[in-house]
Amino acid sequence: MKKALITGITGQDGSYLARLLVDKGYEVYGTYRRASTPNFWRLQYLDVLGEVKLIPADLADMSSLLEAVSAAEPDEIYNLAAQSYVSASFDQPLLTTEIDGTGAVRLLEIIRHLNAKIKFYQASTSELYGKVVESPQNEESRFWPNSPYASAKLLSFHNTRVYREAYGLFASNGILFNHESPLRGLEFVTRKITNAVARIKVGLQEKLYLGNLEAKRDWGYAKEYVEVMWALLQQEEADDFVCATGVTRSVREFTQLAFEIAGLNYEDHVATHQLFMRPQDVELLQGDCTKLKQAIGWSPQTTFEELVRLMVEEDIRRWQDHQSGKTFPWDAFNYADDMTLVQRHV
Ligand code: NAP
Ligand code: F7E
């Protein structure tokens, strides 16, 4: 039986990947952060919490990572843990660099010294392209990070390649474009919108405050993207691959469609607020995953319209179930609403 270690197993991708690997017959280990409030709701939602082994570890802490890898003795490591919110990286650039940049190097060093046969997947990102100079973006396109998050991810991207070339490690980068789902964190714009649409629909909220409505993203479905992570570690050789849909849409288009699906007009509810603007933004992302298609035959199945619909419908269902007294694994019921954030922020 193959063994996998997933860092960041409590996150969106970590949970979907855990489900996928358990279904494939893997023994799955995952790292989680000790916190005052446990955060296992996604693993519970996918009914996989009871089928994984959990190890406390922090990407900023070498000893805990060493212990995690020693305990799991994995064949494959999927490094998904990150401070993954671009906006927060402007507020916490050093912490973000420690986790998203140096964290990967800690794992690569552990692999090099402990067992160089362990295969390594690094969660790289379309944010690396930043100020894009060509569209669509592929593996050859210029990287020009626009945030501390992206420059930290550039460090881990290149070290993954360096350890592959210098030491012969099987270390691959998946350059994944934005991928979303009903398990997406509430800070990210897609889920922020679908959760707000649901609250407005059931009468709990009136307004939704957003930042840059004109930014364009290539949004895919997270459940499909974790299949790529696994497939990349099954290749003959390690390499770097873009994973995307090739379709780009603006935040405004996402918002308009999400409200329409709920039978609402976004112009009646949406306002912009400075709080949700970034010092600088990535204005346009659109990926070209030709190389990936040729290597593993993968192509996205869920369209933009289907993705928005499945997220809106799931959030409406959750709020309706909540109002009728049901309890279930979920994050939104104790999350501060927009108005509170806008009024309380200094
Ligand atoms: P996510 O939902 O924010 O999950 C991040 C995970 O990292 C969580 O399990 C979190 O733990 C953990 N984590 C945070 N700081 C940590 C630390 N210091 N030590 C150990 N674990 C830590 O992110 P995601 O959307 O699943 O993304 C997975 C990975 O792919 C990330 O590396 C992200 O940067 C990258 N990525 C994401 C996308 C996307 O569109 N989703 C696209 C490209 C790349 P807690 O639960 O305790 O917070
Ligand atoms: O923003 C704009 C915002 O925070 C998308 C992470 O998974 O994908 C994600 O990063 C766009 C940006 O994702 C709001 O300015 C407008 O242009 O959902 P987001 P992101 O920054 O693209 C990449 C690939 C990753 O690697 C990251 O880990 O939406 N926007 N108004 C807003 N964004 C947020 N969050 N909130 C707003 O109110």
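Residues numbered from 1 in each chain as written. Chains lettered and ligands numbered in written order. Predicted model: local features only at pLDDT ≥ 70, side-chain atom pairs only at ≥ 80, totals over all residues. Heavy atoms only, no water.

Engineer: Describe helix H8 (residues 222–232), naming the residues involved and giving the relevant values.
Structural biologist: Burial analysis of H8 places 8 of its 11 residues in the buried class, which makes it a mostly covered element. The set of residues buried in H8 consists of Ala-222, Glu-224, Tyr-225, Val-226, Val-228, Met-229, Ala-231 and Leu-232. (Buried < 20%, exposed > 50% of the residue type's maximum accessible area, 1.4 Å probe, protein only. Helix = DSSP H or I, 4+ residues; strand = E, 2+ residues; numbered from the N terminus.)

Engineer: Run through the nonpolar core, naming residues and quoting values.
Structural biologist: Counting 77 residues, the largest nonpolar core has Ile-6, Leu-17, Val-28, Tyr-78 and Tyr-121 as its most contacted members. For this core, the element with the highest residue contribution is helix H11 (residues 304–323), accounting for 7 residues. Built from parts of two domains, this core gets at least three residues from each of domain 1 (3–179 + 219–243) and domain 2 (185–217 + 248–283 + 303–340). Excluding residues within four positions of it along the chain, Leu-17 makes contact with Ile-6, Tyr-78, Leu-80, Val-226 and Met-229. Membership of the second largest hydrophobic core comes to 22 residues, among which are Leu-59, Leu-65, Ile-99 and Ile-110. (Core = buried A, V, L, I, M, F, W, Y, C linked by side-chain atoms within 4.5 Å. Domains from an automatic or database assignment. Contact = heavy atoms within 4.5 Å.)

Engineer: Can you lay out the site of ligand 2 for me, pointing to particular residues and giving the numbers?
Structural biologist: Residues in close proximity to ligand 2 total 23 residues, the closest being Ser-84, Thr-125, Tyr-149, Arg-278 and Asp-281. Within the contact set of ligand 2, a nitrogen atom lies 3.4 Å away from a side-chain nitrogen or oxygen of Tyr-85. With respect to ligand 2, the backbone of Gly-211 contributes an N or O atom lying 2.7 Å from a nitrogen atom. Burial of ligand 2 by the surrounding chains reaches 96%, relative to a free accessible area of 690 Å². For the shell around ligand 2, the secondary structure elements donating two or more residues are helix H7 (189–201) and strand E8 (208–210). Of the residues contributing to the shell around ligand 2, the split by class is 10 nonpolar, 6 polar and 7 charged. The two domains that each donate at least three residues to the shell around ligand 2 are domain 1 (3–179 + 219–243) and domain 2 (185–217 + 248–283 + 303–340). (Near = heavy atom within 4 Å. Polar contact = N/O pair within 3.5 Å; in protein donor to acceptor, adjacent residues only side chain to side chain. Areas by Shrake-Rupley, 256 points an atom, 1.4 Å probe, with all protein chains shown as cover. Nonpolar A, V, L, I, M, F, W, Y, C, P; charged D, E, K, R; others polar.)

Engineer: Pulling in residues and values, what's your account of helix H1 (residues 12–23)?
Structural biologist: The terminal C-alpha atoms of H1, which comprises 12 residues, lie 17 Å apart, in line with the 16 Å expected from a rise of 1.5 Å per residue. Taking burial as the measure, the 12 residues of H1 include 11 buried ones, the bulk of the element. Downstream of H1 by one or two residues, Gly-25 has phi in the positive range, about 95°. (Expected span 1.5 Å × (residues − 1).)

Engineer: How would you explain the site of ligand 1 if you had to name every residue and give the values?
Structural biologist: The environment of ligand 1 is made up of 25 residues, and the closest members are Thr-10, Arg-33, Asn-39, Ser-84 and Tyr-149. Contact distances for ligand 1 include 3.0 Å between an oxygen atom and a backbone N or O atom of Gly-11. His-179 has a polar backbone atom sitting 2.9 Å from an oxygen atom of ligand 1. Burial of ligand 1 by the protein amounts to 90% of the accessible area it has alone, namely 910 Å². Breaking the shell around ligand 1 down by element, the ones donating at least two residues are H1, strand E5 (119–125) and helix H6 (148–167). The leading source of residues in the shell around ligand 1 is E5, at 3 residues. Looking at side-chain class alone, the shell around ligand 1 contains 10 nonpolar, 10 polar and 5 charged residues.

Engineer: I'd love a proper account of the side chain of Gln-137, names of residues and values included.
Structural biologist: You can see Gln-137 is positioned in the loop between E5 and H6. In terms of polar contacts, Gln-137 uses its side chain to reach the side chain of Ser-135, at 3.0 Å. Once you skip the residues sitting within four places of it in the chain, Gln-137 turns out to touch Tyr-129, Val-132, Phe-177, Val-242, Leu-284, Leu-285, Gln-286, Gly-287 and Asp-288.

Engineer: So what about the domain arrangement of the protein? Which residues, and what values?
Structural biologist: Domain annotation for the protein reports domain 1 (3–179 + 219–243) and domain 2 (185–217 + 248–283 + 303–340). The straight-line distance from the C-alpha centre of domain 1 to that of domain 2 is 27 Å. Counting residues at the interface gives 16 residues for domain 1, matched by 24 residues for domain 2. Carbon and sulfur atoms make up 63% of the area that domain 1 and domain 2 hide from each other, which totals about 1,900 Å². In terms of surface lost to domain 2, no three residues of domain 1 exceed Trp-41, Tyr-85 and Trp-219, which account for 44% of the buried area on that side. (Buried area = accessible area lost by both parts, 1.4 Å probe.)

Engineer: I'd love a proper account of the packing of aromatic side chains, names of residues and values included.
Structural biologist: When we look at a pair of aromatic rings, we describe it by the centre distance and by the angle of the planes. In this structure the tally under the stated criterion is 15 aromatic pairs. Here Trp-319 and Trp-330 contribute two aromatic rings whose centre-to-centre distance is 4.7 Å and whose plane-to-plane angle is 75°, an arrangement assigned as edge-to-face. Of the two residues, Trp-319 is situated in helix H11 and Trp-330 in the loop between H11 and helix H12 (338–344); the sequence distance between them amounts to 11 residues. For Trp-330, a relative accessible area of 6% corresponds to the buried category. Aromatic ring contacts, followed pair by pair, group Tyr-129, Phe-143, Phe-157 and Phe-177 into a single cluster. Over the ring of Phe-188 we find Arg-184; its NZ or CZ atom is 3.9 Å from the centre of that ring. The ring centre of Trp-319 lies 5.0 Å from the NZ or CZ of Arg-199, which sits over that ring. (Phe/Tyr/Trp six-rings, centres within 6.5 Å; stacked < 30°, edge-to-face > 60°. Lys NZ or Arg CZ within 6 Å of the ring centre and 35° of its normal.)

Engineer: Quick one: what's the story with the packing of H1 against H8, residue by residue and with numbers?
Structural biologist: Geometry of a packed helix pair, given as the angle between the helix axes and the separation of the axes. Contact geometry for H1 and H8: axes closest at 9 Å, N-to-C directions at 65°. In the crossing of H1 with H8, the sense of the turn from one axis to the other is right-handed. Between H1 and H8, the residues in contact are Gln-12, Asp-13, Tyr-16, Leu-17, Leu-20 and Leu-21 and Ala-222, Lys-223, Val-226, Glu-227, Met-229 and Trp-230, respectively. Each residue belonging to the contact of H1 with H8 can be placed in one class, and the counts come to 8 nonpolar, 1 polar and 3 charged. (Axes fitted to C-alpha atoms, helices over the stretch in contact; angles between N-to-C directions. Left-handed = near helix turned anticlockwise from the far one by under 90°.)

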